[in-house]
Amino acid sequence: MALLPILRYPDPRLHTVATAVAEVDEQVRQLVDDMLQTMYESDGVGLAATQVDVHRRVIVMDTSEQRDQPRVLINPELVKISDEMMVGEEGCLSVPTIYDAVPRHARVTVRALGRDGQPYEFDAEGLTAVCVQHEMDHLLGKVFVEYLSPLKRERIKTKMLKKAREEQKAR
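Okay, so let's go over this structure. (Residues numbered from 1 in each chain as written. Predicted model: local features only at pLDDT ≥ 70, side-chain atom pairs only at ≥ 80, totals over all residues. Heavy atoms only, no water.)

A few words on the overall build of the protein. Scanning the protein for helices and strands turns up three helices and seven strands. For the protein, the α and β elements follow one another from N to C terminus as α-β-β-β-β-β-β-β-α-α. Taking 16 Å as the expected radius of gyration for a compact globule of 171 residues, we find that the protein reaches 16 Å, a close match to that expectation. Across its three principal axes, the protein shows a C-alpha extent of roughly 45 × 40 × 30 Å. Taken over 171 residues, the protein has a buried fraction of 43%. Sequence separation of at least 24 residues holds for 65% of the intrachain contacts in the protein that already meet a minimum separation of 6. Once the 23 positive and 28 negative side-chain charges of the protein are each reduced to a mean point, those two points are 8 Å apart. (Helix = DSSP H or I, 4+ residues; strand = E, 2+ residues; numbered from the N terminus. Rg over C-alpha atoms; globule rule 2.2 N^0.38 Å. Buried < 20%, exposed > 50% of the residue type's maximum accessible area, 1.4 Å probe, protein only. Contact = heavy atoms within 4.5 Å. Lys, Arg positive; Asp, Glu negative; His and termini not counted. Charge placed at Lys NZ, Arg CZ, Asp CG, Glu CD.)

What follows is the structure, encoded as structure tokens:
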């Protein structure tokens, strides 16, 4: 397994739309394992392949309290969404230290392939539903800050670019 570098907003590669995985082979399983290690090491609850500059429809997540229930979603799709919405504070490994309120469907039903390539379906609510929707946005080239006002988005972009320059100088 290997730690993968996570793209930071406003990197334009975060806006790339991911393509479907044709076959769950050893290369895809290795990507999944590396993404899980990267997510856990970064204290995240979810990670989309787009965030590690691999533009395939792959998500890993673990919203469990003990952080011991990894979930793999290959070619995920929402088959059902609730009319009820919820607003919660979201953060993102690609936009570190930034949190803001984003409206999401309160409940979703997801269909995906697992690490073994077998299809499965599950119902999600709360943090798991939010995480699925957040990560699926990444596969469509959308970052959560795009739900915010243009002013907030511009402030975040400025802050992230400044932080990147400071990190560059420190090296």
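Within this model, the largest pocket holds a volume of roughly 380 Å³. Lining the largest pocket are 22 residues, and of these V45, E90, G91, C92 and Y99 sit closest to its centre. Elements with a minimum of two residues in the lining of the largest pocket: β4 (85–92), β5 (95–105) and α2 (126–139). At six residues, the largest contribution of residues to the lining of the largest pocket is made by β4. Considering only residue class, the lining of the largest pocket consists of 11 nonpolar, seven polar and four charged. Within this model, the second largest pocket holds a volume of roughly 230 Å³. What lines the second largest pocket is I6, R8, Y9, P10, D11, M160, L161, A164, E167, Q168 and R171. Taken together, the residues of the lining of the second largest pocket break down into six nonpolar, one polar and four charged. (1 Å grid on protein atoms, 1.4 Å probe; cavity = no way out; pocket = protein on both sides within 12 Å on 5 of 7 lines; lining within 4 Å. Points joined across faces, edges and corners; volume = space filled by probe spheres on them. Nonpolar A, V, L, I, M, F, W, Y, C, P; charged D, E, K, R; others polar.)

Our focus in this paragraph is the environment of D100. Mapped onto the secondary structure, D100 falls in strand β5. Residues D100 and M160, 60 residues apart in the sequence, show an inter-C-alpha distance of 15 Å. Once residues within four sequence positions are removed from consideration, D100 is found in contact with G88, E89, E90, F144, L148 and K152. A polar atom in the side chain of D100 sits 3.1 Å from the side chain of K152. (Polar contact = N/O pair within 3.5 Å; in protein donor to acceptor, adjacent residues only side chain to side chain.)

With the rule as written, the count across this model stands at one aromatic pair. Here the aromatic rings of Y120 and F122 are separated by 5.8 Å at their centres, their planes lie at 15°, and the arrangement is stacked. For Y120, a relative accessible area of 24% gives the class partly exposed. The class for F122 is buried, based on a relative accessible area of 10%. Over the aromatic face of F122 sits the side chain of R71, whose NZ or CZ is 3.8 Å from the ring centroid. Positioned over the ring face of Y147 is K142, at 4.0 Å from the centre of the ring. (Phe/Tyr/Trp six-rings, centres within 6.5 Å; stacked < 30°, edge-to-face > 60°. Lys NZ or Arg CZ within 6 Å of the ring centre and 35° of its normal.)

So, about unusual backbone geometry. In this chain, Y9 is followed by P10 through a cis amide linkage whose omega measures 10°. Structurally, P10 is set in the segment before α1 (26–41). We note that T97 has phi near 70°; this positive angle belongs to a residue other than glycine. Tracing the backbone shows T97 in strand β5. By relative accessible area, which is 51% here, T97 ends up exposed.

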